[in-house]
Structures are given as structure tokens and as C-alpha cells.
Amino acid sequence: MLKWNCTPDVVSYNAIIDIICKGGLLDQALYLFSGMLRDLNVVPDVVAYNILIKEFGNLGRIKEANKLFDEMKDSYHLTYGTIFDGLCKNGEIKEAIELFESMEGTSISANIGIYSMKYNLLIQVGKLEDSR
């Protein structure tokens with residue numbers, strides 16, 4: 001982009017990171033993500049984090065998803081939902097429930113999508129009575 005006198009911003013980085021992830025090149029996307037701030041002082045936003053957290057979750061790389069989640073300066077519903085979804089899809093039931101319960105100590109309250117994922121998880125593992 002620079003060779004065409006176009007300075008990349010967070011939106012262009014997000015688009016490229018998303019395409020790279022969809023191409024199965026998560027480690028390259030993470031390298032680009034790391035370079036945002038280092039090279040051009042572009043600060044990653046919640047969208048950038050969610051793209052990577054979702055892909056880590058899809059690939060079962062939950063520890064790395066959690067690391068990115070912890071790095072975020074602000075917590076948003078979308079991010080909680082994204083990490084919760086990754087935990088559920090990978091059978092990390094205890095961690096998913098702990099994450100859900102940790103929301104109680106923040107200014108973020110669970111929305112209908114997160115409650116729906118929680119109930120689906122509890123149904124799958126035969127623990128719906130724990131939802132009360």
C-alpha cells in the first residue's frame with residue numbers, strides 16, 4: 001500500500017487480516033497484527049482482535065485466543081461472545097462457564113446471544129439444571 005502512497009489504517013489492516021485468516025494463514029495474520037502498532041503506529045481495534053480470537057477458536061488454539069482476549073484494553077459483548085463461542089465449540093465447558101460468570105464483575109452484561117450459547121452448551125453436556 002505504501003508504494004502507492006496509501007497509508008494503511010485499522011480498517012485496511014482488518015480487511016487484510018480477515019482475508020489471510022480465511023485463507024488458513026493464521027500465523028501470518030498474527031504477524032501482520034503485531035506489525036500494525038510496531039510499523040505504522042496503527043492501534044488494533046475490537047474488530048482486529050475479534051477476527052483473530054474467532055480464528056484461534058475455530059482452530060482449537062484456545063490458549064492463544066485467551067491471551068489476545070486478555071490483551072484487549074476494553075471488553076465488549078462481541079468479544080465475550082466470540083471467545084465464549086470458541087470455548088463452547090472446543091468443549092472447554094468449565095472455561096466457558098467461568099468466562100460467563102466473570103462478566104458479572106464487569107460493566108458488560110450478557111446479551112441474548114451469549115445466554116443462548118450458554119443454554120445450548122448446558123443442553124449439550126446434559127447440565128441444563130445448572131442454568132438456574
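Residues numbered from 1 in each chain as written. Predicted model: local features only at pLDDT ≥ 70, side-chain atom pairs only at ≥ 80, totals over all residues. Heavy atoms only, no water.

Trainee: Outline the overall build of the protein chain, listing residues and values.
Mentor: From N to C terminus, the protein chain includes seven helices and zero strands. Helices and strands in the protein chain line up, N terminus first, as α-α-α-α-α-α-α. By the burial criterion, 36% of the 132 residues in the protein chain qualify as buried. Distance from the positive charge centre (13 side chains) to the negative charge centre (18 side chains) of the protein chain: 3 Å. (Helix = DSSP H or I, 4+ residues; strand = E, 2+ residues; numbered from the N terminus. Buried < 20%, exposed > 50% of the residue type's maximum accessible area, 1.4 Å probe, protein only. Lys, Arg positive; Asp, Glu negative; His and termini not counted. Charge placed at Lys NZ, Arg CZ, Asp CG, Glu CD.)

Trainee: Provide a residue-level description of the packing of helix H1 (residues 10-22) against helix H3 (residues 46-58), including the pertinent values.
Mentor: Put simply, H1 and H3 touch, their axes get as near as 9 Å, and they point 5° apart. By the angle between their axes, H1 is roughly parallel relative to H3. Where H1 abuts H3, its residues Asn14, Ile17, Asp18 and Cys21 lie against Val47, Ala48, Ile51, Leu52 and Glu55. (Axes fitted to C-alpha atoms, helices over the stretch in contact; angles between N-to-C directions. Parallel < 35°, antiparallel > 145°, perpendicular 65-115°, else oblique. Contact = heavy atoms within 4.5 Å.)

Trainee: Explain the nonpolar core residue by residue, including any values.
Mentor: If you look at the biggest cluster of nonpolar residues, it comprises 34 residues, and the most contacted ones within it are Ile17, Phe33, Leu52 and Ile53. When contributions to this core are tallied by element, the ones reaching two or more residues are H1, helix H2 (26-40), H3, helix H4 (62-71), helix H5 (77-89), helix H6 (93-102) and helix H7 (112-124). When residues in this core are grouped by element, the largest group, six residues, is from H3. Excluding its chain neighbours within four sequence positions, the residues that come into contact with Ile17 are Ala29, Leu32, Phe33, Met36, Ile51 and Leu52. (Core = buried A, V, L, I, M, F, W, Y, C linked by side-chain atoms within 4.5 Å.)

Trainee: Provide a residue-level description of the packing of aromatic side chains, including the pertinent values.
Mentor: The tally for this structure, following the rule as stated, stands at two aromatic pairs. Taking the centre distance of 5.1 Å and the plane angle of 80° together, the rings of Phe33 and Tyr49 count as edge-to-face. Note that Phe33 is positioned in helix H2 and Tyr49 in helix H3, a separation of 16 residues in sequence. Classification of Phe33 as buried rests on a relative accessible area of 7%. (Phe/Tyr/Trp six-rings, centres within 6.5 Å; stacked < 30°, edge-to-face > 60°.)

Trainee: If you had to explain H3 to someone new, which residues and values would you point to?
Mentor: The end-to-end C-alpha separation of H3 is 18 Å, in line with the 18 Å expected for 13 residues at 1.5 Å each. Among all positions of H3, only Ala48, Tyr49, Asn50, Ile51, Leu52, Ile53, Glu55, Phe56 and Gly57 are buried. Within two residues after H3, Gly60 carries a phi angle of roughly 75°, on the positive side. (Expected span 1.5 Å × (residues − 1).)

Trainee: A description of the pattern of salt bridges should follow, citing residues and the corresponding values.
Mentor: This model, assessed by the stated rule, comprises five salt bridges. Close ionic contact of Glu64 with Arg61 constitutes a salt bridge, the shortest N to O distance being 2.6 Å. The partly exposed category is assigned to Arg61, whose relative accessible area is 23%. Each member of the salt-bridge network shares a partner with another, and the members are Asp27, Arg61 and Glu64. (Salt bridge = Lys/Arg side-chain N within 4 Å of Asp/Glu carboxyl O.)

Trainee: So what about H7? Which residues, and what values?
Mentor: Taking 1.5 Å per residue, 13 residues should reach 18 Å; H7 reaches 18 Å between its end C-alpha atoms and fits that length. The set of residues buried in H7 consists of Ile114, Lys118, Leu121 and Leu122. For H7, the angular spread of the buried residues around the axis is 95°, confining them to a single face. Those residues of H7 that are exposed and aimed more than 90 degrees away from the buried face are Ile112, Ile123 and Gln124. Following H7 by one or two positions, Gly126 adopts a phi angle in the positive range, close to 70°. (Arc of directions from axis to C-beta.)

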